[in-house]
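Here's the letter readout for the chains.
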Amino acid sequence: LNRNFPEDMQKSILQYAIQGKLVEQREEEGFAEELYNEIQKEKEKLIKEGKIRRTKDLAEIKEEEIPFDIPETWKWVRLGSLLTKLTDGAHRTPKYTEIGIPFLSVKDISSGNIDFSDTRFISKEEHTNLFNRCNPQKEDILLTKVGTTGIPVIVDTDREFSLFVSVALLKFNTNLIFNKFLTYAIKSPLVQIQAQKNTKGVGNKNWVMRDIADTILPLPPLEEQKRIVEKIEELLPLCKELKQ
């Protein structure tokens, strides 16, 4: 058995998932086009209410950018078009304190989970200032963007914390997009290839915000997103068993 077989199998599962080949399509679940329009309508409402800022329009997806066929009920989208907020953490190193609010960087999430065991701390005041711009909350997605890029992590805690510039924050309407589906889509070879290609610079390489927003991925109808995740989570433990 090829030593890389479990990892390759995992990649294949995620690739099948985002190609619409893991579960069947169901007519009664509707079209992603309708879901996408609902997402845009919801964003427009939040902009009018002054709750979020209008962002620059993203370029139309060109024919040559599309790497494979997807089901007719799905839609190709840019990641930024699904988000109500895309930002990153503090751009300057804060003043650390002995105790206080955890201040997370790439090292605290690169395992694929939020790990508070070795974080630095900042004062409540500094946290409040940073939180005005970058406010991670439960159900959001954190994304590594400096060094080891492209690792998505769902915020699964109500604990307050702030972020360093090496981590991006992705906010979206969780009633319209299933956060677990989005994390698996980001982990798929399609998005990981884009992350690697667009991670640039010398030393601490950076996946810049504009390129994160421009990332293309397929969007299935919401109920299908949930069924895909269910299937993925049934299959991935088999990869772990094989590895052991």
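Residues numbered from 1 in each chain as written. Predicted model: local features only at pLDDT ≥ 70, side-chain atom pairs only at ≥ 80, totals over all residues. Heavy atoms only, no water.

S.K.: If you had to explain the pairing of strand S4 (residues 101-104) to someone new, which residues and values would you point to?
M.R.: Because side chains alternate across S4, one face comprises the buried residues Ile101 and Phe103, and the other comprises Pro102 and Leu104, equally buried. Pairing of S4 with strand S8 (residues 162-163) involves 2 bridges; the strand directions are parallel. Bridging across to S8, Leu104 finds its partner in Leu163. (Buried < 20%, exposed > 50% of the residue type's maximum accessible area, 1.4 Å probe, protein only. Helix = DSSP H or I, 4+ residues; strand = E, 2+ residues; numbered from the N terminus. Pairing = 2+ DSSP bridges.)

S.K.: Explain the side chain of Arg78 to me, using residue names and the numbers behind them.
M.R.: Its location among the elements puts Arg78 in strand S1 (residues 75-78). Overall, Arg78 belongs to the buried group, its relative accessible area being 7%. Of the polar contacts made by the side chain of Arg78, one reaches the side chain of Glu65; its length is 2.9 Å. (Polar contact = N/O pair within 3.5 Å; in protein donor to acceptor, adjacent residues only side chain to side chain.)

S.K.: How would you summarise unusual backbone geometry if you had to cite specific residues and measurements?
M.R.: The backbone of Glu139 shows a phi angle near 85°, a positive value even though the residue is not glycine. In this fold, Glu139 is placed in the loop between helix H4 (124-133) and strand S6 (141-144).

S.K.: So, the pattern of salt bridges: which residues are in play, and what are the values?
M.R.: In total, this model carries 20 salt bridges according to the counting rule given. For Glu49, the salt bridge goes to Lys51, with nearest N and O atoms at 3.2 Å. Taking relative accessible area as the criterion, Glu49 reaches 40% and is therefore assigned partly exposed. Taking relative accessible area as the criterion, Lys51 reaches 58% and is therefore assigned exposed. Between Asp140 and Lys171 there is a salt bridge, with its nearest N and O atoms 2.7 Å apart. With Asp140 in the loop between H4 and S6 and Lys171 in strand S9 (residues 167-171), this pair connects stretches of sequence that are 31 residues apart. Comparing Asp140 with Lys171, the two get one shared label, buried. Linked by salt bridges that have partners in common, Glu24, Arg26, Glu29 and Arg227 make up one network. (Salt bridge = Lys/Arg side-chain N within 4 Å of Asp/Glu carboxyl O.)

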